[in-house]
Amino acid sequence: MLDYLEKHLPKIVLAPTTIAMIVCMYGFIAWTGLLSLTKSRMMPQWEFVGLDQYVRLFANPRWDVAVDNLFIFLILFIIIALILGLLLAIFLDQQIRAEGAIRTIYLYPMAISFIVTGTAWKWILNPGLGIEKLMNDWGFVGFEFRWLVEPDMAIYTIVIAAVWQSSGFVMALFLAGLRGVDDNLTKAAKIDGASTVRLYWHIILPLMRPVFFSAIVILTHIAIKSFDLVQALTGGGPGYSSDLPANFMYTFSFNRAQIGMGAASAMIMLFGVLAVLIPYLYSELREKK
Amino acid sequence: MSRQTLLSINFGRAMIYLLLVAFALLYLAPLYVMITTSFKDIEEIRSGNLMAPPLSPTFYAWTKAWSSACTGSECEGLAPFFWNSVKIVVPAVAISTIIGAFNGYALAKWSFKGSEFLFGALLFGCFIPFQVILLPMAKLLGSLGLANTVTGLVMVHVIYGVAFTTLFFRNYYVGVPTELVRAAKLDGAGFLNTFRYIFLPLSTPIFVVTVIWQFTQIWNDFLFGVVYSGAGTQPITVALNNLVNTSVGGKEYNVDMAAAIIAALPTLVVYVVAGKYFVRGLTAGAVKG
């Protein structure tokens, strides 16, 4: 009996996690998937209506805005964070004095919650008293900065705050990558007379390909899930002009009693993540072989 | 080297330092604005600007944010919610870390048929957008009688945190030589004794990394908090968001900022004290995930 127990202990240890995983991850995903095929509103009800909820979802102008916003946010956030993170990492990699202190400063926003970040930037970007007033006080009379209250511009405030929070993290990823580059390679290139710019462009950047990949996957993941930042910074407003899919899902599921449509929007988000994740995992696995 | 190239090298380095310092100031600016605003009175906020230091610093905003600001219908400040967060974070971090350590150990050193598959399936949990499990989890918590309770939130955080903690420990233990396990087996040590006498003494760094990661994630969580907590059990992020959006008798930006700093302080302190481990957690989750 004891022997049997000992032999199977690893499996017994993993059993609770396995059960929780099957029920609370895969089971719940299936549950949400099924729910998205029903006409549920306030409470789950199992009357199936096929893809009706998805049809309604895509006909909903608010979902349209949320998806468009996600693309704007995703593209700008990823590109700016990547460029900024990479540049800061390259500069920091030049035997800089006080590197540790500077690195700590670049990375501290990552320790803060998106709710705090949103609250802080909401005040900084305040149309009357924030940056606008600062610039006016500094002599730029007539300077206007009211993105927070402009429906067309509100989504860009989310980009600003998200870049501030996450670019230090991208810097840390690239710095770790740069530190992994073989010193002899750079020395050889320098002896051959390659300029610093050419060295980075032709030799080091191509070596950073895996870092680019992981950074993009992580940033995409942050972007698709970012719900807190929108909630705290713009509340999705003005109106619903800065909603992201995650906020749409929350509003329709928990405030509007439209859980069927909420479930459909959640499934679309899952498919979005999978569309990025599967090619990434595929290329990772192929590289390992 | 000619004087000219020396000059241009020095100029280049000066530019790099200039840029690095400029960006450091840029990253610090929001924190500076938050701190200075929190010490101003509302008159000074209206007449001055963001960068102006407080002329007559006052603790008014801090006292109010901590003990009397309104977060919706009740006006008891952030204090009760700060303790709610502590009550959620401490057990959730402890339980998910311990489970992760055993899981990771079993997966890394006691592999069995299907254990790799199990790990892959679990890893997927690090990437799913949580929106896809929100609705069924609400239903489950309801039927267990755990809706709107601290226990319910702890459970949710443990379930969805274990994927990360297992990943951390598994990747760390994979690096421990398997010969050690074999030798221990020859000496008659089983699953638990090998863990206790060989792996546990080696595990301090990975415990620190995992605890910091989980602490930051759970303290900063907003999504689970806002969906699964009720009036008396809200975590601090939810309370902060409510506080900022409750404007009884005029907006008090100084109170908002003091409240935001209070909500951010625990994770910021951990970051400053143990930043090295924080970064390691971030990159471990990223590069290997």
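Basis of the calculations
- Think of each chain on its own: its residues are numbered from 1, step by step along the sequence as written.
- Here the convention is simple: chains get letters from A, ligands get numbers from 1, in the order in which they are written.
- Where totals are concerned, whole chains, interfaces and linings use all residues; where local detail is concerned, this predicted model gives features only for residues with pLDDT of at least 70, and gives and counts side-chain atom pairs only at 80 or more.
- What counts as a helix is a DSSP run of H or I of at least four residues, what counts as a strand is a run of E of at least two, and both are numbered from the N terminus.
- The globule rule is 2.2 Å times the number of residues to the power 0.38, and the radius of gyration it is compared with is taken over C-alpha atoms.
- Counts of 20 or more other C-beta atoms within 10 Å of a residue's own C-beta define buried residues, counts of 12 or fewer define exposed ones, and intermediate counts define partly exposed ones; C-beta atoms are placed from the backbone.
- By definition, residues are in contact whenever their C-beta atoms, placed on the basis of the backbone, come within 7 Å of each other.
- The split into domains, and so the bounds of each, comes from an automatic or database assignment of domains.
- Nonpolar residues are Ala, Val, Leu, Ile, Met, Phe, Trp, Tyr, Cys and Pro. Charged residues are Asp, Glu, Lys and Arg, and all others, Gly as well, are polar.
- Each axis is a line fitted through C-alpha atoms, and for a helix only the stretch in contact is used; angles between axes span 0 to 180 degrees, taken between their N-to-C directions.
- Geometric relationships in this document are graded by angle, where less than 35 degrees denotes roughly parallel, more than 145 denotes roughly antiparallel, 65 to 115 denotes roughly perpendicular, and other angles denote oblique.
- We define a nonpolar core as a collection of buried residues of the types Ala, Val, Leu, Ile, Met, Phe, Trp, Tyr and Cys that are connected via C-beta atoms lying within 7 Å of each other.

Colleague: Provide a residue-level description of the overall build of chain A, including the pertinent values.
Modeller: Helix and strand counts for chain A come out as 13 helices and zero strands. The N-to-C order of helical and strand elements in chain A reads α-α-α-α-α-α-α-α-α-α-α-α-α. Taken against the 2.2 N^0.38 rule, which gives 19 Å for 289 residues, the C-alpha radius of gyration of chain A at 24 Å runs more than 25% over that of a compact globule. Expressed along its principal axes, the backbone C-alpha trace of chain A runs to roughly 75 × 70 × 35 Å. Residues classed as buried in chain A amount to 42% of the 289 residues present. Here the contacts in chain A between residues at least 6 apart in sequence split such that 69% fall between residues at least 24 apart.

Colleague: Tell me about the overall build of chain B, residues and numbers included.
Modeller: The helix and strand inventory of chain B stands at 13 helices and zero strands. N-terminal to C-terminal, the α/β element order of chain B is α-α-α-α-α-α-α-α-α-α-α-α-α. In terms of C-alpha radius of gyration, chain B reaches 24 Å, well past the compact-globule figure of 19 Å for 289 residues. Its C-alpha atoms put chain B at 75 × 75 × 30 Å along the principal axes. Looking at chain B as a whole, 47% of its 289 residues are labelled buried. For chain B, the proportion of contacts with a sequence separation of at least 24, taken over those separated by at least 6, is 77%.

Colleague: Tell me about the domain arrangement of chain B, residues and numbers included.
Modeller: Residue and element names in this part refer to chain B. Domain assignment breaks chain B into domain 1 (3–58) and domain 2 (79–288). Each partner contributes residues to the interface: domain 1 has eight residues there, and domain 2 has seven residues. Elements represented by at least two residues in the side of domain 1 that touches domain 2 include exactly α1 (3–38) and α2 (42–47). With four residues, the single largest contributor to the side of domain 1 that touches domain 2 is α1. Classifying every residue of the side of domain 1 that touches domain 2 by side-chain character gives four nonpolar, two polar and two charged.

Colleague: Can you explain the interface of chain B and chain A? Please cite residues and give values.
Modeller: Counting from both sides, the interface comprises 68 residues of chain B and, opposite them, 76 residues of chain A. Of all the elements, helix α13 (residues 253–288) of chain B adds the most residues to the side of chain B that touches chain A, at 16 residues. Its residues placed into classes, the side of chain B that touches chain A shows 51 nonpolar, 14 polar and three charged.

Colleague: Provide a residue-level description of the environment of Ile 75 of chain A, including the pertinent values.
Modeller: All names here are of chain A. If you trace the backbone, Ile 75 turns up in helix α3 (residues 61–92). For Ile 75, a count of 12 C-beta atoms within 10 Å translates into the label exposed. Spatially, the C-alpha atom of Ile 75 lies 29 Å from that of Asn 255, the residues being 180 residues apart in sequence.

Colleague: Residues and numbers for the packing of helix α1 (residues 2–35) of chain A against helix α6 (residues 131–143) of chain B, please.
Modeller: At a minimum axis distance of 8 Å, the contact between α1 of chain A and α6 of chain B shows a crossing angle of 90°. If you check the angle between α1 of chain A and α6 of chain B, you find them roughly perpendicular. Counting all contacts with α1 of chain A, which are made through Cys 24, Met 25, Phe 28, Ile 29, Trp 31, Thr 32 and Leu 35 of chain A, the residues of α6 of chain B involved are Val 132, Ile 133, Leu 135, Pro 136 and Met 137 of chain B.

Colleague: Describe the environment of Asn 245 of chain B, naming the residues involved and giving the relevant values.
Modeller: Inspection of the secondary structure assignment puts Asn 245 of chain B in helix α12 (residues 236–245). With eleven residues separating them along the chain, Asn 245 of chain B and Asp 256 of chain B place their C-alpha atoms 9.5 Å apart.

Colleague: I'd love a proper account of the nonpolar core, names of residues and values included.
Modeller: Within soluble globular proteins, side chains that are nonpolar generally end up buried alongside one another. All names here are of chain B. Counting 169 residues, the largest nonpolar core has Leu 78, Leu 240, Ala 259, Ala 260 and Ala 263 as its most contacted members. Per-element tally for this core: the top contributor is helix α7 (residues 150–174), with 15 residues. When near neighbours in sequence (up to four residues on either side) are disregarded, Ala 259 contacts Ala 65, Ala 69, Leu 78, Leu 240 and Leu 243.

Colleague: Break down unusual backbone geometry for me, with residues and values.
Modeller: We note that Gln 95 of chain A has phi near 45°; this positive angle belongs to a residue other than glycine. Here Gln 95 of chain A is to be found in the loop between α3 and α4 (99–107). You can call Gln 95 of chain A exposed: it has 7 C-beta atoms within 10 Å. The phi dihedral of Asn 148 of chain B falls on the positive side, at around 60°, and the residue is not glycine. Within the element layout of this structure, Asn 148 of chain B appears in the loop between α6 and α7. Exposure remark for Asn 148 of chain B: the 15 C-beta atoms within 10 Å place this residue in the partly exposed category.

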